[in-house]
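Now for the letters of each chain:
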Amino acid sequence: MAMTKTSLWAAGVLATGTLLATAPGAHADPTTPDHAVITCETASMYANYDSANGPVDLKRTLTKGNKVGHTRGAHPVYNGWAATFDFGPNDWGYVRAECLGGFGSW
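Please read all numbers here as calculations on a predicted model, not as lab measurements. (Residues numbered from 1 in each chain as written. Predicted model: local features only at pLDDT ≥ 70, side-chain atom pairs only at ≥ 80, totals over all residues. Heavy atoms only, no water.)

A look at the overall build of the protein
- Check the secondary structure of the protein and you find one helix and eight strands.
- What you see in the protein, going N to C, is helices and strands ordered as α-β-β-β-β-β-β-β-β.
- Expressed as a percentage of its 106 residues, the buried residues of the protein come to 26%.
- Relative to all contacts within the protein whose residues are 6 or more apart in sequence, the contacts with residues 24 or more apart total 54%.
- Summed over its atoms, the accessible surface of the protein is roughly 6900 Å², and 58% of this surface lies on carbon and sulfur atoms. (Helix = DSSP H or I, 4+ residues; strand = E, 2+ residues; numbered from the N terminus. Buried < 20%, exposed > 50% of the residue type's maximum accessible area, 1.4 Å probe, protein only. Contact = heavy atoms within 4.5 Å. Areas by Shrake-Rupley, 256 points an atom, 1.4 Å probe, with all protein chains shown as cover.)

Let's talk about the nonpolar core
- If you look at the biggest cluster of nonpolar residues, it comprises 10 residues: Ala-36, Ile-38, Ala-43, Met-45, Leu-62, Val-68, Ala-82, Val-95, Cys-99 and Leu-100.
- At the level of secondary structure, the elements contributing two or more residues to this core comprise strand S1 (35-38) and strand S2 (42-50).
- Excluding its chain neighbours within four sequence positions, the residues that come into contact with Met-45 are Asp-57, Leu-58, Lys-59, Arg-60, Leu-62, Thr-84, Asp-86, Asp-91, Trp-92, Gly-93, Tyr-94 and Val-95.
- Tyr-46, Tyr-49, Trp-81 and Tyr-94 belong to the second-largest nonpolar core, a separate cluster that totals five residues. (Core = buried A, V, L, I, M, F, W, Y, C linked by side-chain atoms within 4.5 Å.)

With respect to the side chain of Thr-84
- Turning to its location among the elements, Thr-84 is positioned in strand S6 (residues 81-86).
- Within the structure, the side chain of Thr-84 is placed 2.8 Å from the backbone oxygen of Ala-82, a separation counted as a polar contact.
- What Thr-84 contacts, discounting residues up to four positions off in sequence, is Met-45, Val-68, Gly-69, Asp-91, Trp-92, Gly-93, Val-95 and Leu-100. (Polar contact = N/O pair within 3.5 Å; in protein donor to acceptor, adjacent residues only side chain to side chain.)

Considering the environment of Pro-76
- As for its position among the elements, Pro-76 is in the loop between strand S4 (67-69) and strand S5 (77-78).
- The spatial distance from the C-alpha of Pro-76 to the C-alpha of Tyr-94 is 9.4 Å, given a sequence separation of 18 residues.
- Setting aside residues no more than four positions away along its own chain, Pro-76 makes contact with His-70, Trp-81, Ala-82, Ala-83 and Tyr-94.

Let's talk about the packing of aromatic side chains
- Applying the stated rule across the entire model yields seven aromatic pairs.
- Between Phe-85 and Phe-87, the aromatic rings sit 4.9 Å apart at their centres with planes inclined by 75 degrees, giving edge-to-face as the arrangement.
- For Phe-85, a relative accessible area of 14% gives the class buried.
- Relative accessible area serves as the criterion here: at 26%, Phe-87 is assigned to the partly exposed category.
- Considering the side-chain rings of Phe-85 and Trp-92, the 5.3 Å spacing of their centres and the 65 degrees angle between planes classify their relative orientation as edge-to-face.
- Taken together, the ring pairs in this structure connect Phe-85, Phe-87, Trp-92 and Trp-106 into an aromatic cluster. (Phe/Tyr/Trp six-rings, centres within 6.5 Å; stacked < 30°, edge-to-face > 60°.)

Structure follows, in structure tokens:
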């Protein structure tokens, strides 16, 4: 069966659309943080992480048992500082990864 110019064009559009939809980095699905808790007596939570200077802009100090979220393998960890969601005020920050534990415990 011979393809017409129109069917070739349509096939090209479909192929391109499929390629764009599956290209790495073209679309990132949000990942809901896994439930975790702070396991250290206290853990400083910073607003951001600067690769040259480390964590910056202290937001608050979390205490043992605070409910937070972090999805291992999906959310970034820079030099031991893990992107963490604080379910209390519903915001993101960076906390020492060794202070996160109890994944799936609540």
